[in-house]
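Structural description and commentary
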Amino acid sequence: MNSILSVSNLSKTYNNIYALNSLSFECNKGEIVSVVGSSGSGKSTLLKLIAGLEIPDNGKIVLKDKPINDESIFVKPEKRDCDIVFQDFSLFPNMTVDENIYFGKNAPNNKSMVGNLVSLANISDTLSRYPHQISGGQQQRVALVRALANNPSLLLMDEPLSHLDSALKEKVRSELLSILKKLDMTVLIVTHDAEDALTISDKTIVLNQGRLEQVDTPRNIYKYPKSEYVARLFGKTNILPLKLMPGSKHSFKQKSSDNKMVSVRPHQLIIESGTNSSLPKIKGQITNIFNNGHSYNVEAKCEDLVFMAEIKNGSDLKIGETVTFSIELD
Amino acid sequence: MVIFSISSFSSNWDHITETVLVTYSMNTVALVLGTIFFTLLFGVSSAWVVASYKFPGYKIFKWLLVLPLSIPTYIAAYAYFDILDVFNPFLIWVRSAIGFEAMQLTNNLLVYLLTALVMSSVLYPYVYLLARASFESQGSHFINVARSLGHSGRAVFWKIVLPLSRPAIVAGITLVAMETLSDYGAVKHFGVQTFTYGIFRTWLGMGDLTSALRLAVILMIFTLGILFIEKRIRAQSRFSYKSATSSFEKIKVGGKKSIFPLVVCSIPVVFGFMIPFFRMISWAWFSKNYIAEISVFQLASNTLLVAIIVSVSTVLLSILLGFSSKYFKSKIIYTSNRLASLGYSTPGAVIAMGALILVGYLSDTFNILLSGTLFLLFFAYIVRFLAVAYQPIESGFEKNCEDLNNASKTLGSSPMRSLYKLNLPLIKNTIIAAGLLVFVDATKELPLTLILRPFNFETLATATFDLSNQAQIIESSIPSLFIIFMTLIPIIYLNSRIGEER
Amino acid sequence: MFKKFTEKTGIEINIVKGSADQLIQRLISEGENSPADILLTVDAGRLYRAKEVGLLQPIRSRMLYRNIPSSLRDPDNEWFALTVRARVIVYSKERVSQDDLSTYEDLASSKWKGRIAVRSSSNIYNQSLMASLIEANGKKKALDWAKAVRLNMARAPRGSDRDQARAVAAGIADIAIMNTYYIGKLASSSDPKDREVVKKVAIFFPNQKNRGTHINISGAGVTKSAKNKENAIKFLEFLSSAESQDVFGSINFEYPVKIANNKSDLLKSWGSFKSDKLNLSILGKRNSDAVKLFDKAGWE
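Cut-offs applied
- Residues numbered from 1 in each chain as written.
- Chains lettered and ligands numbered in written order.
- Predicted model: local features only at pLDDT ≥ 70, side-chain atom pairs only at ≥ 80, totals over all residues.
- Heavy atoms only, no water.
- Helix = DSSP H or I, 4+ residues; strand = E, 2+ residues; numbered from the N terminus.
- Buried < 20%, exposed > 50% of the residue type's maximum accessible area, 1.4 Å probe, protein only.
- Pairing = 2+ DSSP bridges.
- Contact = heavy atoms within 4.5 Å.
- Buried area = accessible area lost by both parts, 1.4 Å probe.
- Salt bridge = Lys/Arg side-chain N within 4 Å of Asp/Glu carboxyl O.
- Polar contact = N/O pair within 3.5 Å; in protein donor to acceptor, adjacent residues only side chain to side chain.
- Domains from an automatic or database assignment.

**Structural notes on unusual backbone geometry**
Residues and elements named next belong to chain A.
- Even without being glycine, N16 reaches a positive phi, approximately 65°.
- Here N16 is to be found in the loop between β1 (3-14) and β2 (17-28).
- Given a relative accessible area of 75%, N16 falls into the exposed group.
- Although it is not a glycine, D184 adopts a positive phi angle of roughly 55°.
- For D184, the position within the fold is in the loop between α5 (166-183) and β8 (186-191).
- Judged by its relative accessible area of 39%, D184 falls in the partly exposed class.

Given below as structure tokens:
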């Protein structure tokens, strides 16, 4: 493995509260790694520590085999071989797009590479304009090109898509991914949006109150969350007791009750036409039905357990009816 | 006024153009440039340090740095009346080491330098306040991105932070330039012959109103020139950006590293406020027997009267103008707004001359005597300070009340009821702030009052000027201190309000 | 002094203080409605101007005529001198010998290059001195004089008369042109630095061998609009009386209108002198010429 970034035992406190608590992980060459967590999980602090905009209390950061932070070393942000893209893009409003792109210290030495980037990102028409004169999607790409033009070993991105409206978001996301993959760039993306993490990254790190909660491929994290926190972070889910489905590949202890639980996504609950399948079952009385166009979101109650199922053919269901749901495990 | 001054015949005018006009112009330009230079130095550096570092006492400095606003330029000049004498040994050394011409040259340079320094030591808060607000509104993302792109902190300051704040800083500089053009007391004391100086000399010394008026017109052209340059510079900044969503993160510094920000902030505070203030306190103590003799409480109540009447009437007028322009969306009122804002950039002496002309015309036509009345003085004050109250009040109406007024109209409320029930409570704080701004300016005002005050009517400002003019600078500290105290309270209040809004 | 007058006569006095030029401007604009009875100010030039714009009225008073020499009052008796000050040369005891000093005209000599301290030409005392030089030597010579003196100045003119003495004491200049009473004020100042200044300098009365030292006055006139004319005259007579004249010297360090009657020890210590007998209204008449010549000479 070819490690670009290695973080070990990184800690940072603000007013005696841990923003990051002994965090360790690695990013390998060409990997897109996402850092996911709710607000206050410490993900933005992590980015600032790597960029050199904050000084850690403890721990070590190694970038391309060169320590940039440990007990005796602090490399200034301008000397670090990494660049950052903020969620507001932070294009310098007093400079044209062209001036913005060539602002990086290394950019003027890599004219041909920058030229390629500009055509790759399809922003050649905007070069002579000012940032406020171009669209949000263009601004995003300019910010990306500006960072890449400086030829960094590691690209840091802070919520790169959260500023865009949802229609634009998907398009920009796929453009972004294709550019980064073409360049074989190593990227660390901080996001609160699990969907971004799922679609873009090769590896996902979940942070909770400054601690590492889980590291895995995004697919695995979605399917096999290690805690209720992770499960809920990655979309709608039902936290059901493990005893209902002993065959489950994953489970976690619920913090409050110490019971072993399983995350079951709404689409994993189905209503079978036959009755004799071997799938685990749960009976519930329907309390609410919402039609969202392509399927029915069914809210049901089984004793004090409330759960939500996404049913394709739910037109016959009625509120108050008691139904048996089957649980599809992988 | 222009017409009057050109059509009137004056035998002295040719003489003035031949002899002193060039001197006045050059001195004015040199003094304005020098003052701008030092206000930039003090204002921008302290604003940057306060905005970007957390050093011991940064919160105190944030408001200490504003205090020099309470000291008008003429009082600063009196507080430093003997500053030139400090350099006597140096001058003598220059004469013995280099020669007499070198000493004269050094002395001339020192006069400009020190006058500019003394003026900037109390004018820099205009730049400081606007620059600080601009720095803070940038957020720290621009800086962080620029640093991660490989530029050092210093390079980032020059390439990003400063260019982005240019419009705000230019606005601050323009205010400083206006104050410099307007000043009479300080230039008179240090013997720098500017246009305002020339107006007083020509009118009072030579008794030539017409020539003084022409000088006033030239001064007005200077002022318009500066406003034009400001507009050009601001137009060049073609960028626009919304205030950043990210806050401006302060860098925490302590120990040895806090020395630099402490020094940068202390210099303007010490020279702009501490030294003048404590010198005056000690002088006032020396001359405390004098308090009764100059009946300073009478002076203070006169000043208070003028300042209160002027601030209340400018505020009322501004509410009326601002509300009607917003409510009825009238073009004429919009134009009057532009005109009113010109009043503030017009030097006090010019306004006073204009008022005298107007009065002369009125008394010729209608045979009423207005000259030398309080009425005339108030009128001139209102012309000068209307913009100070109008601009915040107008933007208050714009920000808060536009949609509500439309709603109120559809609900069938009368304009007066909308104003009274809806708009005034909403912008109450803005109105108070606007009134206080005018109050501070009116309390400090000198040249206009000097020309227009009625017989036997003295304010603290004119008493300060007269006393120091009679070489009783030590005694002049008594009215000076009253001015400082009267303006200090509103200034501290206004500054704390700026803090709250952020 | 005002109190004494009230005690003696029962007449109350209301005082309006202000800079002289502004007082005059104010009286002009007040016109007939002005509440002022007396204009009391320094410098004959200003009183002349007040007369010219018609602010004053002629006064008939034997006592005033007797007490005040004719050169020290208006030819039409519209204003009267109350005290006299001389514009003298103050020199450094250390660096200047009294023998080097002679006349105002001599100040133009190149031996004074870089050694003279004097205040701005905006000041009426300088304007009046210049007016007397125009009267004595003619416009052209006066202009040449001003040009030469400007070149001889140690520094560009600024500050008050006191500052000129301070400059001599500090060593910036060797001689200064200033009014006598300022030395008195410095000598009695509460600031020890000022008293130190006086110890380092001496007073020289120029032009003793010809027309005499240039003098000026503080004086007064009764306004045209005066509502209490008789009381106003009484007040002027009181100020011109020997009783009042004797105390001026110790109050404001000025000479009585009859200079020889001077009673103050400090003033006596400066020595007696011969004064220019020019009628002081000439100073007013020549004032605007003086200002213009100063401007032409580049004397700021």
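**Structural notes on the pairing of strand β3 (residues 32-36) of chain A**
Residues and elements named next belong to chain A.
- With five of five residues buried, β3 lies mostly within the body of the structure.
- Two strands pair when backbone bridges link them, and β3 and β8 are joined in this way by five bridges, in the parallel orientation. Pairing of V33 across the sheet is with L188, part of β8.
- Looking at chain direction, β3 and strand β9 (residues 203-208) are connected through four bridges and run parallel. Bridge pairing in β9 links V36 to V206.

**Focus on the interface of chain B and chain A**
- Chain B puts 22 residues into the contact, and the matching count from chain A is 24 residues.
- For the pair chain B and chain A, the two sides together bury roughly 2,200 Å², of which 62% comes from carbon and sulfur.
- Our count for the contact surface shared by chain B and chain A stands at one salt bridge.
- With its nearest N and O atoms 2.8 Å apart, the salt bridge here joins A:E78 to B:R147.
- Linking chain B with chain A are six residue pairs in polar contact (both at pLDDT 80 or more).
- Considering every element that reaches the side of chain B that touches chain A, the biggest residue donor is helix α8 (residues 141-148) of chain B, with seven residues.

**Describing the domain arrangement of chain A**
- Each assigned domain of chain A is listed here: domain 1 (3-222) and domain 2 (236-327).
- For domain 1 of chain A and domain 2 of chain A, the distance between their C-alpha centres works out to 38 Å.

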